[in-house]
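So the chains spell out like this:
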Amino acid sequence: MSASPLRRVAVLVLDGAKPLDVGIPAQVFSTRASMPYEVRVCGASPGLVAGGDGLSYHVAHGLEALAWAELVLVPGYRLPDRDAPPPAVVDALAAAHERGARLAAISTGAFALAATGLLNGRRATTHWHYTRALAAGYPLVRVDENVLFVDEGSVLTSAGAASGIDLCLHIIRGDLGVAASNHAARRLVAAPYRSGGQAQYVPRSVPEPLGERFAATREWALHRIGEPLTLEILARHAAVSPRTFSRRFVEDTGYTPMQWVMRARLDVARELLERSERSVEQIAVDVGLGTGTNLRLHFQRILGTTPTEYRRTFARGE
């Protein structure tokens, strides 16, 4: 089988760029056998870009990289509510989107996307410290301050730097499937998947030990995904009442416990479809959904496709 063409990614470094925000997409999408991406780091022009936190960046490419890319990532930068991106940058981002490229912002990079007008009428997020400034500066943007990232199809935004990892993994899941995303997460020693609906930070009213206990319960459940997992069983493991567990779980993950369990079951099913030759019926049993009919029903309802079509799209060829 001939090698698939590399997917073209541009990382746009603006003045005041935050080092971690720049490093995340550059590392996540760096070209390797498991990640079929080609990355070009660029700026408003080639050369030195003054960054934040005492670092600067020497970029090899200018805005022509945006005309080349299929995916453009804009890392966060300092003082986004005060310093608008240069008009040439705004025009190049808009032109890339018009040509069909996806635009994705990490943290305050959302301000650069907002300056293009492409976020008008769309949901978007940014670092919690700047959500009010984004809403005030761009009142047509539907700012959501309580999520890790927002996927609006061709335009995506994320909260602080760590959620940039979640956004990048989310993009890989859509491009290459669950197995590739999980592989990338393991390489980064990151959580395999945190939903975009998860809160940016745990409310102060939630005791830290309880948050740790719920994380342990989720990990415990993932190792028993083929077994019955009810609200009562999960709450019992966390040593809290079902009512408390349900309320705190939504605050922690953005999902009800049973929604989370269903998505976890589907994630395991997706990886089995990608990496094994097991039948749909066998996979349904393996992930605790019982029958192929049940698996197909939930696959269509949540993912908008069928197990067979998913396997045809993402199965790994030899």
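This report concerns the structure included in the present document. Numbering of residues starts from 1 in every chain and runs along the sequence as written. Only residues with pLDDT of 70 or above have their local features reported here, since the model is predicted, and side-chain atom pairs are shown and tallied only from 80 upward, although totals for entire chains, interfaces and linings are computed over all residues. Excluded from the side-chain calculation are hydrogens and water; included are all heavy atoms of the structure.

**Focus on the nonpolar core**
In step 1: We define a nonpolar core as any set of buried Ala, Val, Leu, Ile, Met, Phe, Trp, Tyr and Cys residues linked to one another through side-chain atoms lying within 4.5 Å. Accessible area is worked out with a 1.4 Å probe on protein chains only. A residue is then buried under 20% of its type maximum, exposed over 50%, and partly exposed in between. Within the largest apolar cluster, 31 residues are counted, with the highest numbers of intra-cluster contacts made by Leu 12, Leu 66, Val 72, Val 74, Leu 93 and Leu 113.
In step 2: The way it works is that DSSP assigns letters per residue, a run of H or I at least four long becomes a helix, a run of E at least two long becomes a strand, and they are numbered from the N terminus. Those elements giving two or more residues to this core turn out to be β1 (7-12), α2 (64-68), β5 (71-74), α3 (87-99), β6 (102-105) and α4 (110-115).
In step 3: Of the residues forming this core, the biggest block, five residues, is contributed by α4.
In step 4: Core analysis: the second largest hydrophobic core is formed by 23 residues, Met 35, Leu 73, Ala 180 and Ala 185 among them.

**Section: the sheet that holds β6**
In step 1: In spatial order, the strands read β2-β1-β5-β6-β10-β9; together these six strands make up an open sheet with mixed pairing. Strands with a single pairing partner mark the edges of an open sheet, and in this sheet they are β2 (37-42) and β9 (149-151). The average undirected angle you get between the axes of adjacent strands in this sheet is 15 degrees.
In step 2: Taken together, the three bridges between β6 and strand β10 (residues 155-158) define a ladder with parallel strand orientation. When the sheet's bridge partners are listed, Ala 105 is paired in β10 with Thr 157.
In step 3: The contact criterion used is simple: two residues touch if any of their non-hydrogen atoms lie within 4.5 Å. Interaxial angles span 0 to 180 degrees and are taken between N-to-C directions of axes, which are lines fitted to C-alpha atoms, for helices over the stretch in contact. This element, helix α6 (residues 161-176), spans β1, β2, β5, β6, β9 and β10 of the sheet and lies at about 145 degrees to β10. When DSSP finds two or more bridges between a pair of strands, those strands are recorded as paired.

**Side note on the pattern of salt bridges**
In step 1: The salt bridge criterion pairs a side-chain nitrogen of Lys or Arg with a carboxyl oxygen of Asp or Glu, the two atoms within 4 Å. Enumeration over the complete set of coordinates arrives at twelve salt bridges.
In step 2: Linking Arg 312 and Glu 309 is a salt bridge whose minimum nitrogen-to-oxygen distance equals 2.4 Å. Placement of both Arg 312 and Glu 309 in helix α14 (residues 307-314) is noted, with a separation of three residues, approximately one turn of the helix.
In step 3: For Arg 312, a relative accessible area of 58% corresponds to the exposed category.
In step 4: Sharing partners across several salt bridges, the network here consists of Arg 7, Arg 102 and Asp 175.

**Quick look at α14**
Each turn of an α-helix holds 3.6 residues, which means side chains three or four residues apart point in the same direction.
In step 1: Residues of α14 that are buried include every one of Pro 307, Tyr 310 and Phe 314, and no others. Angular distribution of buried residues about the axis of α14 spans 60 degrees; they occupy a single face of the element.
In step 2: In this structure, the buried side of α14 is in contact with α6, α7 (178-188), α11 (257-275), α12 (280-286) and α13 (292-303). Here the arc refers to the set of directions running from the helix axis out to each C-beta atom.

**Let's talk about the packing of aromatic side chains**
In step 1: Only centres within 6.5 Å qualify two rings of Phe, Tyr or Trp (six-membered ring in Trp) as a pair; their planes then separate them into stacked at under 30 degrees, edge-to-face at over 60, and tilted for everything else. On inspection of all chains with the given rule, the structure shows eight aromatic pairs.
In step 2: Summarising the aromatic geometry, the rings of Phe 29 and Tyr 37 are spaced 4.9 Å apart at their centres and angled 80 degrees between planes, so their arrangement reads as edge-to-face.
In step 3: On the basis of relative accessibility, which here comes to 0%, the residue Phe 29 falls in the buried class.
In step 4: Take Tyr 37: its relative accessible area is 1%, and that puts it in the buried class.
In step 5: Seen in terms of ring centroids, Phe 214 and Phe 245 are 4.8 Å apart; in terms of plane orientation they differ by 55 degrees. Their pairing is tilted. Taken as a pair, Phe 214 in helix α8 (residues 208-222) and Phe 245 in helix α10 (residues 242-253) lie far apart in primary sequence, 31 residues in all. One exposure class covers both Phe 214 and Phe 245, and it is buried.
In step 6: Each member of the aromatic cluster is reached from another via a ring pair, and the members are Phe 214, Phe 245, Phe 249 and Trp 260.
In step 7: Against the face of Trp 68 rests Arg 40, its NZ or CZ located 3.9 Å from the ring centre.
In step 8: Looking at Arg 218, its charged tip hangs above the ring of Phe 249, at a distance of 5.9 Å from the centre. In this scheme, the term charge over a ring applies when either NZ of a lysine or CZ of an arginine sits within 6 Å of the ring centre and within 35 degrees of the ring normal.

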